[in-house]
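Residues per chain, in single letters:
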Amino acid sequence: MAVRLDRNLVVETALRLLNEVGLEGLTLRRIAKELNVQAPALYWHFKNKQALLDEMATEMFRRMTASLLAGTGPETDGPRDDWQEVLLNACRGLRRALLEYRDGGKVFSGTRMTDESHAASQEALLSRLTAAGFTPGEAARAWWTAYNFTIGLVIEEQSVHPDPGEPDSRDPAYDLENRARRLGESHPLAVTAGHEMFGDIEAGFEAGLRIIVAGVAATVGPDAGK
C-alpha cells in the first residue's frame, strides 16, 4: 500500500536525508526517490528547493522551541533574573540544536519561517530581557547580535566537523598540523589563529559568546556605562 504523500512526510524525509547527504546532496529528485515517487509529485507541496528549505528550517525551530527559548529545558537552568545567563543559554541551546543536523547552520541561515510558531518562544526570551531592564529595541538587538554570532559559528563549525554526532571527526582541509607546516615559521600568528579558530571550537564558542554578552552589557541594557 502506497504511503500518502503530504508536506509533513516530505519534510521528515528531507531532514533525515540531510544527515546522510548534506545540503548539496539534498535534491528534490533524491527525496522523491527515497519516497518512491516521481519528482513532480513533490511540486504539489513545494514549488522549489528553497520552499522546502524554509519548511525544514521552520520544523527544526518547532522541534527546538520548547527547550531553546521558552526556558523549559536543561540548557536554560540557572537564575531566571540573570539576563546574561538567559542570553548565554539561549545561544547554547540554538547551537546544540543545529548541530544535530548536517549543515544545520546553512539550512537555518537565510530561510524564512513558514508560520508563526517561532513568535511565542521569541516573545518569552525578549520578555526576560525587558524584565531585566532592556528597552524592547535593546532586547531585540542584543538577541539578534548573539543569534547571528551563533549561526555564523555553527556554519564554520560544521565545515570543520561535518558529521553530526561525531565531534572528533574532522575535514582533512582543517588538519591543523598540516596547516602549521604549510604556513611555516614566517606566519606564526596565522598558525596560532588557526589553532584558536579551528581547534577547540566548543571553547571558542564559549569565549566568543561571552565577548558578545560583555559587549551587550557595556553598550545597551541596564548595565550600560557602569
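Residues numbered from 1 in each chain as written. Predicted model: local features only at pLDDT ≥ 70, side-chain atom pairs only at ≥ 80, totals over all residues. Heavy atoms only, no water.

Here we take up the side chain of Arg92. With respect to the helices and strands, Arg92 occurs in helix α4 (residues 83-98). With a relative accessible area of 17%, Arg92 lands in the buried category. A polar side-chain atom of Arg92 sits 2.8 Å from a polar atom in the side chain of Asn89. In contact with Arg92, not counting residues within four places along its chain, are Glu85, Phe205, Glu206, Leu209 and Arg210. (Helix = DSSP H or I, 4+ residues; strand = E, 2+ residues; numbered from the N terminus. Buried < 20%, exposed > 50% of the residue type's maximum accessible area, 1.4 Å probe, protein only. Polar contact = N/O pair within 3.5 Å; in protein donor to acceptor, adjacent residues only side chain to side chain. Contact = heavy atoms within 4.5 Å.)

Counting 56 residues, the largest nonpolar core has Ile31, Leu52, Met56, Phe108 and Trp143 as the members making the most contacts within it. Contributions of two or more residues to this core are made by α1 (7-25), α2 (28-35), α3 (49-68), α4, α5 (104-108), α6 (119-131), α7 (136-160) and α10 (201-219). (Core = buried A, V, L, I, M, F, W, Y, C linked by side-chain atoms within 4.5 Å.)

In the numbering used here, UniProt assigns the "domain: HTH tetR-type" (unreviewed entry) feature to residues 4-64. Regarding residues 4-64, the helix share stands at 70% and the strand share at 0%, and the terminal C-alpha atoms are separated by 27 Å. (UniProt positions renumbered as here; feature names shortened; annotations may be inferred.)

This part covers the pattern of salt bridges. On inspection of all chains with the given rule, the structure shows twelve salt bridges. One salt bridge in this structure joins Arg63 and Glu12, with 3.0 Å as the shortest N-O distance. Taken as a pair, Arg63 in helix α3 and Glu12 in helix α1 lie far apart in primary sequence, 51 residues in all. A salt bridge links Arg62 to Asp115, with the nearest nitrogen and oxygen atoms 2.7 Å apart. Pair noted here: Arg62 is in helix α3 and Asp115 is in the loop between α5 and α6, with a separation of 53 residues, a long-range link. Looking at Asp115, the relative accessible area reads 22%, which means it is partly exposed. Connected via shared salt-bridge partners are Arg7, Glu12, Glu55, Glu59, Arg62, Arg63 and Asp115. (Salt bridge = Lys/Arg side-chain N within 4 Å of Asp/Glu carboxyl O.)

For the rest of this paragraph, the subject is the side chain of Glu157. Structurally, Glu157 can be placed in helix α7. With a relative accessible area of 9%, Glu157 lands in the buried category.

This part is about the packing of aromatic side chains. Evaluated as defined, the whole model comprises five aromatic pairs. Between Trp83 and Phe134 the ring centres are 4.9 Å apart and the planes differ by 80 degrees, which places this aromatic pair in the edge-to-face class. Taken together, the residues span a long stretch of sequence, with Trp83 in helix α4 and Phe134 in the loop between α6 and α7 at a distance of 51 residues. Side by side, Trp83 and Phe134 carry an identical accessibility label, which is buried. Geometrically, the ring pair formed by Trp143 and Tyr147 is tilted, given 5.6 Å between the ring centres and 55 degrees between the ring planes. Note that Trp143 and Tyr147 are positioned in helix α7 at a spacing of four residues, about one turn of the helix. For Tyr147, a relative accessible area of 15% puts it in the buried group. The rings of Trp143, Trp144 and Tyr147 are connected pair by pair, giving a single aromatic cluster. The ring of Phe205 carries the charged tip of Arg95 above its face, separated from the ring centre by 5.0 Å. (Phe/Tyr/Trp six-rings, centres within 6.5 Å; stacked < 30°, edge-to-face > 60°. Lys NZ or Arg CZ within 6 Å of the ring centre and 35° of its normal.)

With that out of the way, let us pick up α2. Listed in full, the buried residues belonging to α2 are Leu28, Ile31, Ala32 and Leu35. The buried side chains of α2 occupy one side of the element, clustering within an arc of 100 degrees when seen end-on. When the buried face of α2 is taken as reference, the exposed residues oriented beyond 90 degrees from it are Arg29 and Lys33. Once α2 ends, the next one or two residues include Asn36, with phi positive near 60 degrees. (Arc of directions from axis to C-beta.)

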